[in-house]
Amino acid sequence: MMKIRLCTLKCLVILLGVASLMIIAGRNLYQESFNWEDRTSCKPEPLLDSIARLNGMFDDLKTFVMFIGYSQTIESRTGAILDAHPQIILPQEYDVLGNWKMYQNKKLRERGKQKYMLFFFLHYLSTFQAIFRNQANKPSQFWVWTSKVESARYYPLSDTWQGIINGKIKVIGDTSSGSTTRQLTRNQGNFTVLEDIQNVIGIPLKFLHTITNPYEVIALNVMRQSRSAVEVSHDWSFINDAKDVFALVETNAQIRKLYGDAVLDISTDDYINNPRETMIQICRFLQVTCYNSYLDKVEKELNKESTRARDQVIWTDEEKEWVAAEINKYSFLKSFEF
């Protein structure tokens, strides 16, 4: 009987001790939890940690892509579609070359922050445009965006990743094809700015060359001036418009020769008539995965009916032959005809 009582007493003492320890431990855990919540809610994250986390979004970047070409509309639409990919950031008409001077700041170079500033602005502009859409083509609404393209248009794609990412960014870049090619043309073959960009970003620089029928580009230029069907003759206006177009062609031909496999030619005809296959080709070039859901969305959004601006302009046989002769000088244009 005594043994039973002693055992019961010991068990009771043990139970009381365990209960006391549990109460003390629970109180300590509660205090630690409260203190942790207090620290996280009241004390901000150190600035350097926040910056490192922000810059970490760009750790997996594989490619910086620049558009080169002639027709702004098709490049803008291509850029918008690529910006809808969960791992690609491509804002509309930022104009990296036009804004490159701001990244030459001495302190920025010394601290090695040039590329992060560029990446941040491109990401921010992509988000800005996704929110405000066509209102985003006004430079006054975005102070780091100095593009003066009046006809820039944003193409929103519903239920996509425009302006946001899923995970880390793989591709980032600029869709200012016409502006990029024109500025390089004015440099008369001096492409050192591209070398500078390559050295700063530290990742492969690639070019998406969207090729438009030269007859279309010339016709669009003429129509912008007249706003109606007109008779195109070998006057000063036509000759200069045509020469300007083929000056851009020559610049892009030099880029193709200089950068080789880092340039992908995309015909606007293929893009319109075979959008799915063309987007798969672009994704492979940029080394990102083209998910079926993404391709399905792209295919639905594209207008497969190609407009022919050249049919709205009256051409003489001599004018057609002159353009055809220029086209034959470039292998990547030979598939085009009137």
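Computed from a prediction, not measured in an experiment: that's the story for all the values here.

Trainee: Residues and numbers for the overall build of the chain, please.
Mentor: The secondary structure content of the chain amounts to 14 helices and five strands. Expressed as a percentage of the 338 residues in the chain, the buried residues total 44%. A sequence separation of at least 24 residues applies to 77% of the contacts in the chain between residues at least 6 apart. Taken as a whole, the chain presents about 19,000 Å² of accessible surface, with 53% of it coming from carbon and sulfur.

Trainee: Now, about the pattern of salt bridges: what can you tell me, with residues and values included?
Mentor: All chains considered together, the criterion is met by five salt bridges. When the shortest N-O distance is used, the salt bridge between arginine 256 and aspartate 265 registers 2.8 Å. Exposure remark for aspartate 265: the relative accessible area of 23% places this residue in the partly exposed category. Across the pair arginine 276 and aspartate 296 runs a salt bridge whose closest N-O atoms are separated by 2.9 Å. Of this pair, arginine 276 sits in helix 12 (residues 275-286) while aspartate 296 sits in helix 13 (residues 292-301), placing them 20 residues apart in sequence.

Trainee: So, the packing of helix 12 against helix 13: which residues are in play, and what are the values?
Mentor: The interhelical angle for the contact between helix 12 and helix 13, taken along N-to-C directions, is 130 degrees, at an axis separation of 9 Å. With respect to helix 13, the axis of helix 12 lies oblique. For the pair helix 12 and helix 13, the sense of crossing is right-handed. Only Asn292, Tyr294, Leu295, Asp296, Val298 and Glu299 of helix 13 make contact with helix 12, whose side of the interface consists of Pro275, Arg276, Met279, Ile280 and Cys283.

Trainee: If you had to explain the nonpolar core to someone new, which residues and values would you point to?
Mentor: Grouped burial of nonpolar side chains is what soluble globular proteins tend to show. With 35 residues, the main nonpolar core has Phe64, Leu118, Phe119, Leu194 and Phe207 as its most contacted residues. Here this core gets six residues from one element, more than from any other, and that element is helix 6 (residues 114-132). Contacts of leucine 194, omitting those with residues within four sequence positions, involve Met66, Leu97, Leu184, Leu205, Phe207 and Tyr259. Counting 26 residues, the second-largest nonpolar core is a separate cluster that includes Ala80, Ile266, Leu286 and Val298.

Trainee: Give me the lowdown on the sheet that holds strand 1 (residues 63-69), citing residues and values where you can.
Mentor: Spatially, 2-3-1-4-5 is the arrangement adopted by the five strands of the open sheet, whose pairing is parallel. Lying at the two open borders of the sheet, with one neighbouring strand each, are strand 2 (88-89) and strand 5 (263-267). As defined by bridge partners, strand 2 adjoins strand 3 (residues 171-174) across two bridges and the pair is classed as parallel. Note on strand 3: the bridge partner recorded for isoleucine 88 is valine 171. Its contacts with the sheet place helix 12 against strand 1, strand 2, strand 3, strand 4 (205-211) and strand 5, and it is angled at close to 170 degrees to strand 5.

Trainee: Describe the packing of aromatic side chains, with residues and values.
Mentor: According to the stated counting rule, one finds 10 aromatic pairs in the structure shown. Between tryptophan 100 and tyrosine 103, the ring centres sit 5.5 Å apart and the planes meet at 35 degrees, which makes this aromatic pair tilted. For tryptophan 100, a relative accessible area of 5% translates into the label buried. Aromatic ring contacts, followed pair by pair, group Phe120, Phe121 and Tyr124 into a single cluster. Between lysine 206 and the ring centre of phenylalanine 285, over which it is positioned, the NZ or CZ distance is 5.0 Å.

Trainee: Residue-level account of the state of the cysteines, with values.
Mentor: Under the criterion given, the structure shown has one disulfide. A sulfur-sulfur distance of 2.0 Å marks the disulfide that ties cysteine 283 to cysteine 290. Disulfide cysteine 283 to cysteine 290: torsion about the S-S bond roughly 60 degrees, handedness right-handed. Accessibility expressed as a relative area gives 1% for cysteine 283, which makes it buried.

What counts and what doesn't
Residues numbered from 1 in each chain as written. Predicted model: local features only at pLDDT ≥ 70, side-chain atom pairs only at ≥ 80, totals over all residues. Heavy atoms only, no water. Helix = DSSP H or I, 4+ residues; strand = E, 2+ residues; numbered from the N terminus. Buried < 20%, exposed > 50% of the residue type's maximum accessible area, 1.4 Å probe, protein only. Contact = heavy atoms within 4.5 Å. Areas by Shrake-Rupley, 256 points an atom, 1.4 Å probe, with all protein chains shown as cover. Salt bridge = Lys/Arg side-chain N within 4 Å of Asp/Glu carboxyl O. Axes fitted to C-alpha atoms, helices over the stretch in contact; angles between N-to-C directions. Parallel < 35°, antiparallel > 145°, perpendicular 65-115°, else oblique. Left-handed = near helix turned anticlockwise from the far one by under 90°. Core = buried A, V, L, I, M, F, W, Y, C linked by side-chain atoms within 4.5 Å. Pairing = 2+ DSSP bridges. Phe/Tyr/Trp six-rings, centres within 6.5 Å; stacked < 30°, edge-to-face > 60°. Lys NZ or Arg CZ within 6 Å of the ring centre and 35° of its normal. Disulfide = S-S within 2.5 Å.

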